[in-house]
Amino acid sequence: MRSAKDFFAPLAVGAPAPVREVPARPSRMIHFFDPSNEKMAAKIPSMVGTVDVLLGNLEDAVKAENKEKARLGLVEIAKATDFGDATQLWTRVNSLDSPWVLDDLTTLVTEIGDKLDVIMVPKVQGPEDINYVDRLLAQLEARAGLTRPILVHAILETARGMANVEEICGASPRMQGISLGPADLAADRRMKTTRVGGGHPGYLVRQDPPAGVEDAINADRAVFQQDLWHYTIARMVDACAMHGIFPYYGPFGDIKDVVACEDQFRNAFLLGCVGAWSLHPAQIAIAKKVFSPSAADVAHARRVKAAMGDGTGAVMLDGKMEDDASLKQCLVILALADQLSAGDPELAELYKEEAK
Ligand SMILES: CC(C)(COP(=O)(O)OP(=O)(O)OC[C@H]1O[C@@H](n2cnc3c(N)ncnc32)[C@H](O)[C@@H]1OP(=O)(O)O)[C@@H](O)C(=O)NCCC(=O)NCCSC(=O)C[C@H](O)C(=O)O
Ligand SMILES: [Mg+2]
């Protein structure tokens, strides 16, 4: 562990100074694309401004024989594209034990380090993985003459990573956030699922047998499907909040089931996540809708704020008690609404309408 006095010192001579606060830029959807897929890559320039984050994926879902093509494809796209202020460029590099990651990091920082906002590192096991990437990035940034540090995002997808999540979040001032990687995490934990995120019909609770009914055990009883990811997301959110970084739900693999995708995203939003991955264009609008506070919530938050005056004491509003703590929740909603509407005139208009 680094001493507190050294925490914000650059890790290589000539590297940019680490950030002291992670910039809170909109990142409701981290949109994945495979830069080696020509059809997909051709669509990327037209997606600038329509998504918060475009992520050139080099890891899983890119065929082994296409790893180099994907890396070079991302360099080409980044060089040719102006991402503006509304869209960030991220990448997911290959895992740290893979034969590709060293070339991924070296090539990307050297060639397009000035365009890259965040590097997502998969299968992070502990703070030592972040420390390795941290030092290497500092060396590469210094050599490339970069003036702004590239941030790091870890994917939580091993049991050991889960056990170390608090230390991972606090391992470096570069840490921007953490995503849940439910598919790899399920495999590593030996969960008995075969899906990429989402729920499972077998993970449920059943209503008690009705009293006074013959064969009560086999009587019709309501079943309620439970959320497989509740513990993991809640723990990830706490670890991120404690360290001032951002939590994200990861992928929802059932592209056609837009309803369950929206439910999964909303659960994550309500628990504190700021965004999720979109794997297909169909998931972009879902993430945008879910991770932007509703107009009704914004209007309610404004009413509570107004009713609470100096912010102390308790008041009744619509039959409900509001106090300092409910006001603080409302301020979270309002801060997010302000941040998102600053770059989105449609959202600004929506929030304005409801305020009337
Ligand atoms: C899931 C897909 C393989 C589906 O692709 P496809 O069969 O081509 O879908 P469609 O025919 O419906 O596509 C319609 C058009 O849209 C384009 N398209 C599709 N996906 C994207 C995209 N992500 N970005 C931009 N454009 C996209 C198609 O090319 C079609 O174009 P056209 O024919 O001209 O109309 C595919 O969506 C896909 O590969 N998505 C990304 C998958 C991915 O990145 N997976 C990795 C992340 S999840 C993960 O790694 C697990 C995690 O780590 C964990 O452990 O949990
Ligand atoms: Mg994974």
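Named according to an unreviewed UniProt entry, the protein chain is Putative Citrate lyase, beta subunit originating from Nostocoides australiense Ben110. Note on the protein chain: under the UniProt heading Cofactor (unreviewed entry), the record states "Mg(2+)".

K.L.:
Please set out the overall build of the protein chain residue by residue, giving values where relevant.
P.N.:
For the protein chain, the helix and strand inventory stands at 13 helices and twelve strands. The C-alpha atoms of the protein chain give a radius of gyration of 22 Å, which matches the 21 Å a tight globule of 356 residues would have. Summarising its shape, the C-alpha atoms of the protein chain cover approximately 75 × 55 × 45 Å along the three principal directions. Relative to its full complement of 356 residues, the protein chain shows a buried share of 39%. Of all intrachain contacts in the protein chain linking residues separated by at least 6 positions in sequence, the fraction that spans at least 24 positions is 72%.

K.L.:
Can you explain the site of ligand 1? Please cite residues and give values.
P.N.:
The local shell around ligand 1 holds 21 residues, among which F32, A61, G181, A183 and D184 are the closest. Considering only residue class, the shell around ligand 1 consists of eleven nonpolar, four polar and six charged.

K.L.:
How would you sum up the UniProt feature "binding site: substrate" (unreviewed entry) in the protein chain? Please name residues and give values.
P.N.:
Annotation from UniProt places "binding site: substrate" (unreviewed entry) at R92 and E157. In three dimensions, the annotated residues from a span of 66 residues occupy one location, with a maximal C-alpha spread of 13.8 Å. The topology assignment puts R92 in strand β3 (residues 88–92). Leaving out residues up to four positions away in the same chain, R92 has contacts with L55, N57, L58, E59, M120 and P122. By the secondary structure assignment, E157 is in the loop between β5 (151–156) and α5 (159–163). Looking at E157, the number of C-beta atoms within 10 Å reads 25, which means it is buried. Once residues lying within four places of it in the same chain are set aside, the contact partners of E157 are P122, K123, G181, D184, L185 and D188.

K.L.:
Tell me about the pairing of strand β6 (residues 175–180), residues and numbers included.
P.N.:
β6 sits mainly inside the fold: six of its six residues count as buried. Pairing of β5 with β6, which is carried by five bridges, proceeds in the parallel orientation. Opposite A154, over in β6, you have I178 as the bridge partner. Summarising the sheet, β6 and strand β9 (residues 246–248) pair through three bridges and their orientation is parallel. Bridged to I178 within β9 is P247.

K.L.:
Tell me about the domain arrangement of the protein chain, and please be specific about residues and values.
P.N.:
The assigned domain composition of the protein chain is domain 1 (4–291) and domain 2 (292–356). For domain 1 versus domain 2, the separation of C-alpha centres amounts to 29 Å. At the interface, seven residues of domain 1 touch four residues of domain 2.

Rules behind the numbers
Residues numbered from 1 in each chain as written. Chains lettered and ligands numbered in written order. Predicted model: local features only at pLDDT ≥ 70, side-chain atom pairs only at ≥ 80, totals over all residues. UniProt positions renumbered as here; feature names shortened; annotations may be inferred. Helix = DSSP H or I, 4+ residues; strand = E, 2+ residues; numbered from the N terminus. Rg over C-alpha atoms; globule rule 2.2 N^0.38 Å. Buried ≥ 20, exposed ≤ 12 C-beta atoms within 10 Å, placed from the backbone. Contact = placed C-beta atoms within 7 Å. Near = placed C-beta within 6 Å. Nonpolar A, V, L, I, M, F, W, Y, C, P; charged D, E, K, R; others polar. Pairing = 2+ DSSP bridges. Domains from an automatic or database assignment.

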